[in-house]
Amino acid sequence: MEFLTTSEAADYLRLGERKLYELVTAGAIPCSKVTGKWLFPRHELDLWVLSGLARPPGMMAKEPPPIVGGSQDDLLEWSLRESGSGLASLTEGTMRGVDRLQRGEVVAAAIHFHGAEVSANAAGDANISALRALPSLHDAVLVGVVRREQGLVLPPGNPKNVQSLPDVLASGATMAVRQPGAGAQFLLDVLLKRAGINPKDLRRLDPPCLTGPDLAVAVRAGSADCGIATRAAAAAAGLDFVPLVWESFDLLMRQRSYFQPAIQALVGFLRDTRLKQRAAELTGYDTAPAGQIRFAA
C-alpha cells in the first residue's frame with residue numbers, strides 16, 4: 001500500500017494543508033501517525049473521495065441499518081461485541097447476506113464463496129470472483145476478516161471412520177447440510193462435483209441447518225453423522241474434525257459505508273492483537289488478512 005505525506009496528500013486531494021489537518025483532527029479522513037508524522041494511504045483516500053460523491057436530488061441513497069448480514073462466524077460475532085461498533089448481526093448465509101446488502105437492508109455482509117479453484121492450501125479468491133460477476137455491486141469494498149479452516153465435522157471418536165466425502169457415501173452416513181446459498185453449501189457442491197459424487201446419492205438430514213453451529217449441534221445430538229463446518233464450530237461443540245480447505249472469510253460493503261464510524265470501529269478492531277489472541281483460542285483461523293482492503297471496485 002502506498003502512503004502519502006501531509007504535503008503529498010494535500011496536493012493529491014487539491015486541499016490546503018490547513019484544511020487537511022482540520023479533517024485529521026476531526027477524524028474524518030483515513031490516516032495514521034508514524035514516528036510523529038501523519039501518513040495517508042492513497043488507496044483509502046481514493047475510496048474516501050468516492051464515498052462522498054454528490055448525487056442528483058431524489059437519488060440520495062438512504063443509509064442502511066447497522067446490521068452485518070451473511071455468514072455466521074464466532075470470531076466475527078465476538079468482534080462485533082468487543083469492538084463497541086454497535087453493529088448487530090443477522091446470520092442467514094453468504095448469498096442471503098449479499099441479497100440484503102443489494103437491497104440496502106444491511107450495511108455489510110460476511111461472505112465465503114467457493115468456486116472451481118478450491119484446494120486444500122489455496123488462499124482462495126472466490127469472493128473476489130463472485131463480486132466481479134455481480135454488476136449491481138459496482139461500488140463494492142471487500143475487507144478481510146480471516147482465513148478459516150473448513151472440514152468435516154464428526155462425532156467424538158469418528159465412529160464411522162470418515163476421512164473424505166467418498167467415505168461419507170461408502171459408510172452410508174447421514175450428512176447434515178446447509179441451506180442453498182450458504183458458503184458451506186457452495187463448498188460441498190464443489191467438492192462433490194470434484195469427487196464425481198451425485199448429490200442425490202447422499203443421505204441428507206432434513207431440513208438444512210441455518211448456521212455452522214446449528215450443524216454441529218445436529219451432529220452432536222446424533223441427528224446426523226457428519227457435515228461441513230469450520231474447525232472453530234467443531235471445537236466449540238466438542239466434535240472431531242477432518243480438514244478439507246482453507247477459505248477467505250470477508251466483509252462486503254459499499255464504498256460509502258466503509259467510512260461510517262461503526263464500520264471503522266470494527267475494521268480497526270480487526271487489526272487489534274486481541275483478535276489474534278481470540279482466534280488462537282477458538283482455533284482454525286489465520287488472521288493475516290484481518291482489516292485489510294482485499295478488493296475495491
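Now for a look at the structure at hand. (Residues numbered from 1 in each chain as written. Predicted model: local features only at pLDDT ≥ 70, side-chain atom pairs only at ≥ 80, totals over all residues. Heavy atoms only, no water.)

**Description of the sheet that holds strand E3 (residues 37-41)**
- Reading across the sheet, the three strands line up as E1-E3-E2 and stay open at both edges, with antiparallel pairing between neighbours. Each edge of the open sheet carries a strand with a single partner, namely strand E1 (3-4) and strand E2 (32-34).
- The pairing of E1 with E3 spans two bridges and is antiparallel. Residue pairing for E3: Phe3 is matched across the bridge by Pro41. (Pairing = 2+ DSSP bridges. Helix = DSSP H or I, 4+ residues; strand = E, 2+ residues; numbered from the N terminus.)

**Section: helix H9 (residues 212-221)**
- Every buried residue belonging to H9 is among Gly212, Leu215, Ala216, Ala218 and Val219, and all of these are buried. Considered in projection along H9, the buried side chains sweep an arc of 155° and stay on one side of the axis. Along H9, the residues that are exposed and aim more than 90 degrees away from the buried face are Val217 and Ala221.
- The secondary structure elements touched by the buried residues of H9 are strand E7 (140-154), strand E8 (174-176), strand E10 (226-230) and helix H10 (231-236).
- Immediately downstream of H9, the backbone of Gly222 shows phi near 90°, a positive value. (Buried < 20%, exposed > 50% of the residue type's maximum accessible area, 1.4 Å probe, protein only. Arc of directions from axis to C-beta. Contact = heavy atoms within 4.5 Å.)

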